[in-house]
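# Structural features, examined
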Amino acid sequence: MKKKLSACTTVLVGKDATIDGSTMAARNDDTVAPINPVRLVVYPAYHNHPNQVKSYLNKCVVDRPADGYSYQGNPNVDYKKEGIYDESGFNSENVGMSATESVYANERVLACDPLNTESGINEDLIVAITLPFINSAKEGVSYLGELVKKYGSAEGNGVIFSDKNDVWYMEIVTGHHWVAQRIPDDAYAVTGNRIAIQDVDFDDPANFMWSDGIQEFVADNHLNPDKEGWNFRHIFGTANVFDQHYNTPRQWYGHKVLNPDIEMDPLDYDLPFIMRSNRKLALEDVEEVLSSHYQGTVYDPLGKGTDEEKHLFRPISLNRTQNSHVLQVRNDLPEASSAIMWLCLGVPTFTPYIPFFAQASDIEASYRETPMEMNMDLKSAYWMYRSLSMLVESYHSEFLQPDLDYLKAGREYLYRWVNEIAPQVEGKSDSEVDAFLSAESHKMIAEMTARTKKLMAELFMSGMGLSRLTFKMDKNL
């Protein structure tokens, strides 16, 4: 089985922990190579049409129900070679799903319940077999859990489900076993590629869900290393040097951004998954985590630490981040405009998050159509934003401030746009909502494209004067 390494970072926030009462479920989708073109689509609803989906990566074939909701997806362009990987989006019931955060179980548990790599469910299919058929975040966990029971899992995956009330994080760790935890309303969570869930309360089914027989599985196979308690991370997870340099530092920095008053160690294997912040969290806080690279520390690859310090830890935002997203459900907006996917297709450090309403089905062509190779006309959002990313990083010290000014102005424009457009769906029919939000989204994307190309032109012209192939004559010669 081929595997797209989803070396991702996840941020989850409950509705009482946010400044506007929204739920937020966010993740960076990172791949092996810096270029792996993706696009944004809305798959239509279907009725009375039972069907199957087949993986391009292994022999998995999953039967789907006769009726399915429409849903957003961010598939690979070269899906026959790379797999589908829809990754993130909302369905028409305003239920969000982000999949997956790759997680890795230890050999002790895998020896007792191996992954079904030959024909089990993998990240390639996981959105397509789940999101069209669920009506709530919690239902998403139980629905996917039944599929894992039936087909097995081909890999370790952390899966996010969200709606207007709940955010659930589900970790599928062996061929058939998993645990899911509801993020408390007043809390947030951060993780990056390690098994995250810690103490599990089997007497609290409102906040925890689990695979059939998992307690017996652990007991019968003598898998719990702790003298007391039932810590999912300790039982199923890993704690090695790779974790300390690739995974735990990202969790540490996420907490540093969202909880700056608390001191933590980036090498600590037992960093908390869930915490309470000392303030209400906003959309830009979540974006700051996903776009970060250890700013303000010696570990920043773009900073002033030693060469060893700058390359000690893997940063959160990467040149191989193909899709960064925040699935936000705003409870202060009409239901029809409350679910918004904020999507970034460039390197998150340098490029903006663009809002896409769940109920808008007509995706603008620059997001819907992504060529496999870059065209200089930059009609593709994916290639335009990745070009901006490379341009800014190439002359980072000179171009960073203009880019930061552009991002700040863009956020102001986009926040205002959502606040002005979203309330106008009140009283409209479903078809009217779709047409209105789609048309307004096209205008917004045109505005952001114009701003982006204007910045790029200014940076190109400024960059001409930064060449080392220059010479100044002495005025007296």
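Note that the coordinates shown come from a computational prediction; the quantities given were computed from them, not determined experimentally.

## Some details on the overall build of the protein
Within the protein, the secondary structure is distributed over 12 helices and 17 strands. Here the C-alpha radius of gyration of the protein, 22 Å, is about what a compact globule of 477 residues would show, namely 23 Å. Looking at the protein as a whole, 57% of its 477 residues qualify as buried. Look at the contacts in the protein between residues 6 or more apart in sequence, and 71% of them connect residues 24 or more apart. When the accessible surface of the protein is totalled, it reaches about 20,000 Å², and 52% of it is carbon and sulfur. Positive and negative side-chain charges of the protein, numbering 44 and 69 respectively, have mean locations separated by a distance of 5 Å.

## Some points on the packing of aromatic side chains
One pass over the structure, following the stated rule, counts 23 aromatic pairs. Ring centres of Tyr294 and Phe313 lie 6.2 Å apart, and the angle between their planes is 70 degrees; this geometry places the pair in the edge-to-face category. One end of the pair, Tyr294, is in the loop between α7 (283–290) and α8 (307–310); the other, Phe313, is in the loop between α8 and β15 (321–329), with 19 residues separating them in the sequence. For Tyr294, a relative accessible area of 1% gives the class buried. Where Trp342 meets Tyr415, the ring centres are 5.9 Å apart and the plane angle is 85 degrees; that geometry is what we call edge-to-face. Note that Trp342 is positioned in strand β16 (residues 339–344) and Tyr415 in helix α11 (residues 396–421), a separation of 73 residues in sequence. For Tyr415, a relative accessible area of 23% gives the class partly exposed. By way of ring pairs, the aromatic residues Phe202, Trp210, Phe217, Trp230, Phe232 and Phe236 are connected into one cluster. For Arg314, the ring lying beneath its charged end belongs to Tyr246, and the centroid distance is 5.1 Å.

## Some points on the sheet that holds strand β7 (residues 88–90)
Strand order in the open sheet made by the six strands is β7-β8-β9-β10-β11-β13, with antiparallel pairing throughout. If you trace the sheet from one side to the other, it starts and ends with β7 and β13 (208–210), each paired once. Neighbour-to-neighbour, the strand axes of the sheet open up by a mean angle of 15 degrees, direction not taken into account. One ladder, built from six bridges, connects strand β8 (residues 96–102) with strand β9 (residues 157–162); its direction is antiparallel. Bridge assignment links Ser102 to a residue of β9, and that residue is Asn157.

## Considering the pattern of salt bridges
This structure, assessed with the given rule, holds 17 salt bridges. Across the salt bridge formed by Glu369 and Arg368, the nearest N and O atoms sit 3.1 Å from each other. Arg368 sits in the partly exposed class, given a relative accessible area of 30%. A salt bridge links Glu412 to Arg416; its shortest N-O distance comes to 2.6 Å. Remark: Arg416 and Glu412 occur in helix α11; sequence separation between them is four residues, near one turn of the helix. Here the residues in one salt-bridge network are Asp20, Arg330 and Asp332, joined through shared partners.

## Observations regarding the pairing of strand β17 (residues 354–357)
Here β17 shows no split at all, with Ile354 and Phe356 on one side and Pro355 and Phe357 on the other all buried. In the sheet, β16 pairs with β17 via four bridges, with the strands oriented antiparallel. Among the inter-strand pairings, Met341 is bridged to a residue of β17, identified as Phe356.

Analysis parameters
- Residues numbered from 1 in each chain as written.
- Predicted model: local features only at pLDDT ≥ 70, side-chain atom pairs only at ≥ 80, totals over all residues.
- Heavy atoms only, no water.
- Helix = DSSP H or I, 4+ residues; strand = E, 2+ residues; numbered from the N terminus.
- Rg over C-alpha atoms; globule rule 2.2 N^0.38 Å.
- Buried < 20%, exposed > 50% of the residue type's maximum accessible area, 1.4 Å probe, protein only.
- Contact = heavy atoms within 4.5 Å.
- Areas by Shrake-Rupley, 256 points an atom, 1.4 Å probe, with all protein chains shown as cover.
- Lys, Arg positive; Asp, Glu negative; His and termini not counted.
- Charge placed at Lys NZ, Arg CZ, Asp CG, Glu CD.
- Phe/Tyr/Trp six-rings, centres within 6.5 Å; stacked < 30°, edge-to-face > 60°.
- Lys NZ or Arg CZ within 6 Å of the ring centre and 35° of its normal.
- Pairing = 2+ DSSP bridges.
- Axes fitted to C-alpha atoms, helices over the stretch in contact; angles between N-to-C directions.
- Salt bridge = Lys/Arg side-chain N within 4 Å of Asp/Glu carboxyl O.

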